[in-house]
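Now for the letters of each chain:
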Amino acid sequence: MDHLSEAARIRRGVVRLNRRLRQERGNEAGLSPNQLIVLGHLHRHGSATPGEVAVAERQRPQSLTRVFAELETEGLIAREPGTVDRRQSVLTLTAKGRHALDRDMVERDVWLAGALASLSATERGVLELAGALMERLADAAAEETGEETGEAGKA
């Protein structure tokens, strides 16, 4: 069965909603998309090495070096020597980083909750189910490429 037209329609909806959610970010904290990616990864998966974060987020480690340094300087992440290999650092989300991430998510959630109010209970239920299914699709795609899976939708 050809699911290409279904896939295109779902992609268009996801892309448009994602764009709108990005527009609704007040971004008072001044966090860049890459900073949010790192904070979100550490929130979902816990402490990780810079290399693990880069691989899981499909980035080159060199591309995130500056992001890690900025987040550490701002006190949003902590960098400590690894317990197994002391030459390798481990990144951990700090309470301040968690607060910044929460603040960013709340801004988008408030907008989305308001938008959902215009839908019927059935439509909201369908979207909630669709959200769970999209998380499953994302996790399945991550498993196929060998990425870690975890709680989706946190950032």
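Just above, that's the structure.
Parameters at a glance
- Chains are numbered independently. Their residues run from 1 in the order of the written sequence.
- Since the coordinates come from a predicted model, pLDDT governs what is reported: local features require at least 70, and pairs of side-chain atoms require 80 or more to be given and counted, while whole-chain, interface and lining totals use all residues.
- Heavy atoms from the whole structure form the basis of all side-chain values; hydrogens and water molecules are not counted.
- Geometry is summarised by axes, namely lines fitted to C-alpha atoms with helices restricted to the contacting stretch, and by angles between N-to-C directions that run from 0 to 180 degrees.
- Secondary structure counts use DSSP, requiring at least four H or I residues in a row for a helix and at least two E residues in a row for a strand, with both numbered from the N terminus.
- By the definition adopted for this analysis, an angle is roughly parallel if under 35 degrees, roughly antiparallel if over 145, roughly perpendicular if from 65 to 115, and oblique otherwise.
- Crossing handedness follows the turn of the near helix against the far one: under a right angle anticlockwise gives a left-handed crossing, and clockwise gives a right-handed one.
- In what follows, residue pairs with any heavy atoms lying within 4.5 Å of each other are defined as contacts.
- Any residue that is not Ala, Val, Leu, Ile, Met, Phe, Trp, Tyr, Cys, Pro, Asp, Glu, Lys or Arg is counted as polar, Gly included; the first ten are nonpolar and the last four charged.
- Detection works on a 1 Å grid of protein atoms alone, calling trapped sets that fit a 1.4 Å probe cavities and calling open sets with protein on both sides within 12 Å along at least five of seven lines pockets, with lining residues defined by an atom within 4 Å of a point.
- Grid points are joined across faces, edges and corners, and a volume is the space filled by probe spheres set on the points.
- Expected helix span is given by 1.5 Å per residue-to-residue step, counting one fewer step than there are residues.
- Per-residue accessibility, obtained with a 1.4 Å probe over protein chains only, is compared with the maximum for each type, and a residue is labelled buried under 20%, exposed over 50%, and partly exposed between these values.

At a minimum axis separation of 9 Å, helix α1 (residues 4-23) and helix α5 (residues 95-116) run at an interaxial angle of 120 degrees. Taken together, the axis directions place α1 and α5 in an arrangement best described as oblique. Seen along the crossing, α1 lies across α5 with a hand that is right-handed. Two secondary-structure elements touch here, α1 through Leu17, Arg20 and Leu21 and α5 through Arg108, Trp111 and Leu112. Along the lines of polarity and charge, the residues of the contact of α1 with α5 split into four nonpolar, no polar and two charged.

If you add up the space inside the second largest pocket, you get close to 270 Å³. As for the second largest pocket, its lining consists of Arg9, Ile10, Arg12, Gly13, Val14, Val126, Leu127, Ala130, Leu133, Met134 and Leu137. Mapped onto the lining of the second largest pocket, the elements with two or more residues apiece are α1 and α6 (121-144). Broken down by element, the lining of the second largest pocket gets its largest block of residues, six residues, from α6. Here the lining of the second largest pocket is built from residues that sort into eight nonpolar, one polar and two charged.

In this section: helix α4 (residues 61-73). Compared with the 18 Å implied by 1.5 Å per residue over 13 residues, the 18 Å span of α4 between its first and last C-alpha is a close match. The elements touched by buried residues of α4 are α2 (33-45), α3 (50-56), β1 (77-81) and β2 (89-93).

Residue Arg58 is not a glycine yet carries a positive backbone phi of 55 degrees. Mapped onto the elements, Arg58 comes out in the loop between α3 and α4. Residue classification places Arg58 among the exposed residues on the basis of a relative accessible area of 59%.

Let us look at the packing of α2 against α5. Viewed as axis vectors pointing N to C, α2 and α5 meet at an angle of 110 degrees, and their least axial separation amounts to 10 Å. What the angle tells us is that α2 and α5 run roughly perpendicular. When α2 is examined against α5, the residues Leu36, Leu39, Gly40 and His43 are found in contact with a partner set consisting of Gly97, Arg98, Leu101 and Asp104. Taken together, the residues of the contact of α2 with α5 sort by class into three nonpolar, three polar and two charged.

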